[in-house]
Amino acid sequence: MPYTKFVAALVRANSSNVGKIRISSGRCRSTLASTKTQEEKEQMGGCPVVETVPIEFCQKIKTGANTQLNKIHIDFDNTQEAYKSKGNIDLLRSLLVFKLCTIDLLLMELSKKLLGQWMFEKMMKMTFYGQFVAGEDHNTIKPLIQKNQAFGVGAVLDYSVEEDLTQEEAEKKEMDSCVSEAEKESPDAVHREKKYKAHRQFGDRRGGVISARTYFYADEAKCDNQMETFINCIKASGGASADGFSAIKMTALGRPHFLLQFSEVLVKWRQFFNFLAAQQGKSEMMVLEQKLELEQLKVTIDLLDWNSLINDTTKISNLLMVPNLETGQLEPLLKKFTTEEERQMKRMLQRVDVLAKHALENGVRLMVDAEQTYFQPAISRLTLEMQRKFNTEKPIIFNTYQCYLKEAYDNVSVDIELSRREGWYFGAKLVRGAYMYQERARAEEIGYEDPINPDYEATNRMYHKCLEYVLEEIEHNRKANIMVATHNEDTVKFTLEMMNEMGLSPTENKVYFGQLLGMCDQISFPLGQAGFPVYKYVPYGPVNEVIPYLSRRAQENRGFMKGSQRERSLLWKELKRRVLGGQIFYTPVY
């Protein structure tokens, strides 16, 4: 078998040169793009000010040989529908919290010092905590989940306890966990691409990130504890509904140096494949084919099978081999791996496997969150391997695609092509992205190409392009599934219009929508009550331990002033309607 086929198999999840990509059949669309800059919005970015036009969704219902169209009318300005699940006290709290978010003060830390612990927790439960967090544990969050479900909105449970580390503590943990023993012993002798090496000035991965949580490696016992936390979330999601979601981060489940190294290996193989493609028909191609050893290459590719990856007899370091274009030989990325490093790499993969099996057993779909670009090639590849194993009968594993990346469309289209060829269910969550400031600063400082789209309009176009491609795949092949994770009304309307054109019914449960708890209810609840699968990300945890999460929510809302202004105006509109209508003591009925 030609060597190029083996190389293609190795990099097929990471290269846009693999396989034939289906071109849309004549459907050309313009995408609505805000005039805001990229810096004004990020992953779950605010509720942008848009001209709100009611959407009429035509749902096809087949009765015998006839097909009738039922129009579902969705009006994102209808405050009565949007807030019917909330009492007047809830509306007042939302107005207070969104107003407080506009004040650029360290309110939480200051309040904690002035009020003391007991009063501080009471105050938080009445404001930020009550707005953005469901409760302290699995039992206290049940009433909120049940109420939201009664109004058509599901839950993605998220245990939001975070370490409150200083910058120095975070940098030390990162450097300790991302540098291998071989690099520590002889850093100059190890030739690594600079993008995939740990750099102290970016050791605190929380820098510039307000839309995502950051995990730092401490030891294997802590990773086991975090796995147990994820398992509890999966079980709680399974118990709360028949079609729940749960989200995980791979950096929570092991020492991240493996993700760095594996990402570099995948990127180097992609570069090698591109080189081979450029050399087709030239004499150098024959020389390379003679030099590369077939058995070595085949062993490397076979190791990518998920069952092989988690097998105790497999040596993970054998996977970290890269081609040398000068010698034509496969060489290890690092010259030496300790027994402990081997064990750590294997345990990370085994923890992920345990979570996937629990998700399957509990009927819960597992979303693997995207992370920084220097981790992401490995995260995406491992997630794809899990999809090949667990998504044979229905979508269990969902990968996350960050559309602020220049390569987002290539990644989505290649993975869909692979799922189509191999016959498994494709699952994707589309986000705009959470690490923009950090990614740009790191690329500029270290000296590699900025991976981020130039502005918000380009990111918006990329999001709609990826979304359209997945929707077309659903139209042609009902094995694709997508979570549209956004607070952008334009994007939601774009999705509804495309579903309408394609005749995709919300009852098919192929297209889901996701927003954060406490934000953009005027999107979530009208969708849910119209029959669309829509989910709130539901954080929970003790008050004192979710302060970092609450701080990020406050920063996020402060960063999206115009979006929160629109939400505040809708809240005021509904409150006035109730007061003038004599509903001063309005209580939700469900």
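Everything below is about the structure printed above this text.
Right, let's walk through the structure included here. (Residues numbered from 1 in each chain as written. Predicted model: local features only at pLDDT ≥ 70, side-chain atom pairs only at ≥ 80, totals over all residues. Heavy atoms only, no water.)

The next point concerns the nonpolar core. Within soluble globular proteins, side chains that are nonpolar tend to cluster in buried spots. One finds Phe258, Leu259, Phe262, Trp306, Leu355, Leu382 and Met386 to be the most contacted residues of the largest nonpolar core, which totals 47 residues. At the level of elements, helix 10 (220–240), helix 11 (257–278), helix 14 (306–310), strand 5 (321–323), helix 15 (339–362), strand 7 (365–368) and helix 16 (376–390) are the ones that each hand at least two residues to this core. Top contributing element to this core by residue count: helix 11, with nine residues. Leaving out residues up to four positions away in the same chain, leucine 382 has contacts with Met250, Phe258, Leu259, Phe262, Trp306, Leu309 and Leu349. (Core = buried A, V, L, I, M, F, W, Y, C linked by side-chain atoms within 4.5 Å. Buried < 20%, exposed > 50% of the residue type's maximum accessible area, 1.4 Å probe, protein only. Helix = DSSP H or I, 4+ residues; strand = E, 2+ residues; numbered from the N terminus. Contact = heavy atoms within 4.5 Å.)

All right, on to the environment of glycine 87 then. Looking at the element boundaries, glycine 87 is found in the loop between helix 2 (79–82) and helix 3 (88–101). Under the relative-accessibility criterion, glycine 87 is labelled buried at 9%. Through-space distance from the C-alpha of glycine 87 to that of phenylalanine 585 is 7.7 Å; in sequence the pair is 498 residues apart. When sequence neighbours within four positions are dropped, the list of residues in contact with glycine 87 reads Arg578, Tyr586 and Pro588.

Here the focus is the sheet that holds strand 11 (residues 511–516). One closed barrel accounts for eight strands, arranged 3-4-7-8-9-10-11-12; its pairing is parallel. On average, adjacent strands in this sheet sit at an angle of 30 degrees to one another, irrespective of strand direction. Of the pairings in the sheet, the one linking strand 4 (residues 245–248) to strand 7 comprises four bridges and is parallel in character. Along strand 7, the bridge assignment pairs isoleucine 248 with valine 368. Running at roughly 170 degrees to strand 4, helix 10 makes contact with strand 3 (153–159), strand 4, strand 7 and strand 12 (534–540) of the sheet. Here helix 17 (residues 408–422) sits on the sheet and contacts strand 8 (397–402) and strand 9 (426–431); the angle it forms with strand 8, its principal contact strand, is near 155 degrees. (Pairing = 2+ DSSP bridges. Axes fitted to C-alpha atoms, helices over the stretch in contact; angles between N-to-C directions.)

It is possible for side chains bearing opposite charge to pair when their charged atoms get close. Under the definition given, this model contains 26 salt bridges. Salt-bridge contacts for glutamate 574 lead to arginine 577; the nearest nitrogen and oxygen are separated by 2.8 Å. You can see glutamate 574 and its partner arginine 577 sitting in helix 23 (residues 561–580), three residues apart, about one turn around the helix. Assessed through its relative accessible area of 0%, glutamate 574 is described here as buried. Since its relative accessible area comes to 30%, arginine 577 is described here as partly exposed. Residues joined in a network through salt bridges with shared partners are Glu220, Asp224, Arg347 and Arg351. (Salt bridge = Lys/Arg side-chain N within 4 Å of Asp/Glu carboxyl O.)

Just distances and angles here, no functional claims.
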